[in-house]
Amino acid sequence: MKWMVRAAVMVLALALLAPTGFAQEEHGEVGIFANYLRFHNLNNQNFWGVGGRVAFNMASWAQLEASMSYNFARNFTNGTPGVTGSFSKTSFRTLDALFGPKFQTGAGPVRLFITTKAGLMNFSLTNKGVASGFGSAVTNIPDGNTHFALYPGGGVELFAHWFGVRAELGDEIYWENGSHHNLRFTFGPQFRF
């Protein structure tokens, strides 16, 4: 897994340097988002988290984009509704880091886009708080429960000058003894720079 981390860092460094050769009015976008993941291998349980992304323009219709999201631990209720039940907390969390091209319709306030990103998905078990759990998951990537991930998706961005919102829907696929498909939806503000 260490080679995957090194390769991702090198590709991200190239992506950060590449836009300096292009003279454009807009250089890229940065955004934060709420992340929803319907995790297939855990009886289709719903996980919520947060994430961030940065994209650099290669042309008016293409960007290189990197994103990372972290899904929080989930609480479960068991039992018969209205009769008996128990409340239990799982320490299971997910973290993903993805990088790839984003192809979009031209300039303007409304842009449709498609993307295909590759990267990694990490699973961790921890009783730590959100900040320390995230830090632990990041440092656990090289030696932890980390798998290759692929993400095809698409969505829409709505902008008013430099501020906008973005909604995206896709299939986050990771490989562990075969492929596992997971529905993913993100929504949040975007800022052009």
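Look above for the structure.
Every chain's residues receive numbers from 1 upward, in the order its sequence appears when written. With pLDDT at 70 or above as the cut-off, local features in this predicted model cover only qualifying residues; side-chain atom pairs require 80 or more to be listed or tallied, and sums for whole chains, interfaces and linings still use all residues. Only hydrogens and water are removed before side-chain values are computed, so all heavy atoms of the structure are retained for them.

(A) Focus on the pattern of salt bridges. Salt bridge, as used here: a side-chain nitrogen of Lys or Arg that lies within 4 Å of a carboxyl oxygen of Asp or Glu. Under the criterion given, the structure shown has nine salt bridges. For E168, the salt bridge is made with R53, and the minimal N-O distance between the two is 3.5 Å. Placement of the pair is E168 in strand β9 (residues 163–175) and R53 in strand β2 (residues 45–59), with a sequence separation of 115 residues. Accessibility classification places E168 together with R53 in one group, the buried group. Only DSSP runs of H or I covering at least 4 residues are called helices, and only runs of E covering at least 2 are called strands; the numbering of each starts at the N terminus. Buried means the residue's accessible area, taken with a 1.4 Å probe over protein chains only, is under 20% of the maximum for its type, while exposed means over 50%, and partly exposed covers the values in between.

(B) Structural view of the pairing of strand β8 (residues 145–160). Note that strand β7 (residues 110–125) and β8 share 14 bridges and pair antiparallel. Each residue of the ladder has a partner; that of A118, found in β8, is L150. Any two strands with at least two DSSP-identified bridges between them are counted as paired. With ten bridges joining them, β8 and β9 adopt antiparallel strand pairing. Note on β9: the bridge partner recorded for E157 is R166. Between β8 and β9, which follow one another and run antiparallel, lie two residues, and H161 among them has a positive phi close to 65°.

(C) Local environment of the environment of Q190. With respect to the helices and strands, the residue Q190 is situated in strand β10 (residues 179–192). Between the C-alpha atom of Q190 and that of R53, which follows or precedes it by 137 residues, the distance is 8.9 Å. Contact definition: two residues touch when any of their heavy atoms are within 4.5 Å. Discounting residues that sit within four places of it in the chain, Q190 has contacts with E29, V30, G31, R53, E157, F159, W162, F163, G164, V165 and R166. Here the side chain of Q190 touches E29 through a polar contact of 2.8 Å, side chain to side chain. In protein, a polar contact requires one atom able to donate a hydrogen and another able to accept it; more generally it is a pair of N or O atoms within 3.5 Å, and residues adjacent in sequence count only if both atoms are side-chain atoms.

(D) Focus on the nonpolar core. Grouping buried Ala, Val, Leu, Ile, Met, Phe, Trp, Tyr and Cys residues that are joined through side-chain atoms within 4.5 Å yields what is termed a nonpolar core. By size, the foremost hydrophobic cluster in this structure holds ten residues: L37, F39, F47, F92, L98, M121, F123, A149, Y151 and Y174. Only β1 (28–39), β6 (92–104), β7 and β8 provide two or more residues apiece to this core. What L98 contacts, discounting residues up to four positions off in sequence, is E65, A66, S67, K117, A118, G119, L120, A149, Y151, E172 and R184. Formed by five residues, the second largest nonpolar core is a distinct cluster that contains Y70, L120, A137 and I141.

(E) Spotlight on the pairing of β10. Bridge count for β1 against β10 is eight bridges, and the pairing is antiparallel. By the bridge assignment for β10, L37 is matched with R184. Looking at chain direction, β9 and β10 are connected through 13 bridges and run antiparallel. Note on β10: the bridge partner recorded for R166 is G188. Taking the residues between adjacent antiparallel strands as the criterion, β9 and β10 are bridged by three residues, where N177 takes a positive phi near 55°.

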